[in-house]
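# Working through the structure, step by step
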Amino acid sequence: LAKTTQPISMDSYEGQEVNITCSHNNIATNDYITWYQQFPSQGPRFIIQGYKTKVTNEVASLFIPADRKSSTLSLPRVSLSDTAVYYCLVGGQGSSNTGKLIFGQGTTLQVKP
Amino acid sequence: DTGVSQDPRHKITKRGQNVTFRCDPISEHNRLYWYRQTLGQGPEFLTYFQNEAQLEKSRLLSDRFSAERPKGSFSTLEIQRTEQGDSAMYLCASSPTTLSYNEQFFGPGTRLTVL
């Protein structure tokens, strides 16, 4: 499974767009990129997943360049409630995969008023 | 709310005691996972069930740990002879086979404190 590297922490202000970049230089051909969000004392929550180019849902956008060695999670107009830890994960979709998620330390995002 | 539920939410025990946690996955989710999370770290995989079959166990799951999912619905995680190093948040997650492996639904966790 590919190792990921992301900033330990980030600060932002309410209403700003936040971009969190994750490096995954050894990503394999069948690996997808997945992001989770975790609030204190809660389990992680799936945010978004992508394979290449751009994916957008009601919560966030995920940008993946052609070489797929990095990805950027974009959160539009953050609010105080977006303060959380954000995890970037890389893993495959094959039938031999049991789906265990490999989490790193994540990025702690602090949104200030 | 029909999300993943875990019981108890908090457990304080003394070193050497046995503890058991329960996880009720979302109805009809075939896949069930247990993870452990210590302070400041991301969750670590412990074990995986597809229906009632335990298909993968992490090396983190020592002989003192056992997990079951007898009827393919709820699951239990038992820790025997607890040690202080077992203090952590134990998270359960489930997902249906119709979704990507990487999209899992987590419960609120059981926080274990071993004194």
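Refer to the structure presented above.
Here is a short report on the structure shown in this document. (Residues numbered from 1 in each chain as written. Chains lettered and ligands numbered in written order. Predicted model: local features only at pLDDT ≥ 70, side-chain atom pairs only at ≥ 80, totals over all residues. Heavy atoms only, no water.)

## Some points on the nonpolar core
Of all hydrophobic cores here, the largest spans 20 residues; its most connected members are Ile-33, Trp-35, Ile-47, Leu-73, Leu-75 and Tyr-86 of chain A. For this core, the elements supplying multiple residues, two or more each, are β2 (18–23), β3 (31–38), β4 (45–50), β6 (61–64), β7 (70–75), β8 (84–92) and β9 (107–112) of chain A. For Leu-73 of chain A, the residues in contact, after removing those within four places along its chain, are Val-18, Asn-19, Ile-20, Trp-35, Ile-47, Ile-48, Ala-60, Ser-61, Leu-62 and Tyr-86 of chain A. Residues Val-19, Phe-49, Leu-61 and Phe-65 of chain B belong to the second largest nonpolar core, which totals 19 residues. (Core = buried A, V, L, I, M, F, W, Y, C linked by side-chain atoms within 4.5 Å. Buried < 20%, exposed > 50% of the residue type's maximum accessible area, 1.4 Å probe, protein only. Helix = DSSP H or I, 4+ residues; strand = E, 2+ residues; numbered from the N terminus. Contact = heavy atoms within 4.5 Å.)

## What about the sheet that holds strand β3 (residues 19–24) of chain B?
Residues and elements named next belong to chain B. In space, the 4 strands of this open sheet follow the order β1-β3-β8-β7, with antiparallel pairing throughout. A strand with exactly one partner marks an edge of an open sheet, and here the two such strands are β1 (5–7) and β7 (65–68). The mean inter-strand angle of the sheet, taken between neighbouring strand axes irrespective of direction, is 15°. Examined bridge by bridge, β1 and β3 share 3 bridges and lie antiparallel to one another. Looking at the pairing, Asp-7 lines up with Arg-22 of β3. (Pairing = 2+ DSSP bridges. Axes fitted to C-alpha atoms, helices over the stretch in contact; angles between N-to-C directions.)

## Let's talk about the interface of chain A and chain B
Facing the 24 residues of chain A at the interface are 21 residues of chain B. For the pair chain A and chain B, the two sides together bury roughly 1800 Å², of which 48% comes from carbon and sulfur. When residues of chain A are sorted by the area they lose upon contact with chain B, Thr-98, Lys-100 and Leu-101 of chain A head the list and together hold 28% of the total. Between chain A and chain B we count 1 salt bridge in total. With a shortest N-O distance of 2.6 Å, Glu-56 of chain B and Lys-100 of chain A are connected by a salt bridge. The tally of links from chain A across to chain B stands at 9 residue pairs in polar contact (both at pLDDT 80 or more). Ranked by residue count, the leading element in the side of chain A that touches chain B is β3 of chain A, at 4 residues. Of the residues that constitute the side of chain A that touches chain B, the class distribution is 7 nonpolar, 16 polar and 1 charged. (Buried area = accessible area lost by both parts, 1.4 Å probe. Salt bridge = Lys/Arg side-chain N within 4 Å of Asp/Glu carboxyl O. Polar contact = N/O pair within 3.5 Å; in protein donor to acceptor, adjacent residues only side chain to side chain. Nonpolar A, V, L, I, M, F, W, Y, C, P; charged D, E, K, R; others polar.)

## Some details on the sheet that holds β2 of chain A
Residues and elements named next belong to chain A. The 4 strands are arranged β2-β7-β6-β5 in an open sheet whose pairing can be described as antiparallel. Taken across any chain shown, the strands that pair with only one partner, and hence form the sheet edges, are β2 and β5 (53–56). Adjacent strand axes in the sheet meet at a mean angle of 15°, parallel and antiparallel pairs treated alike. Relative to β7, β6 runs antiparallel, the two being bridged by 3 bridges. Residue Ser-61 lies in a different strand from β7, and its bridge partner there is Ser-74.

## Some thoughts on the state of the cysteines
Residue and element names in this part refer to chain B. Applying the stated criterion across every chain, the model contains 2 disulfides over all chains. What pairs with Cys-23 in a disulfide is Cys-92, and their sulfur atoms sit 1.9 Å apart. The sign of the -65° torsion about the S-S bond sets the Cys-23-Cys-92 disulfide as left-handed. Pair noted here: Cys-23 is in strand β3 and Cys-92 is in strand β9 (residues 88–95), with a separation of 69 residues, a long-range link. (Disulfide = S-S within 2.5 Å.)

Purely spatial values, then, with no claim about function.
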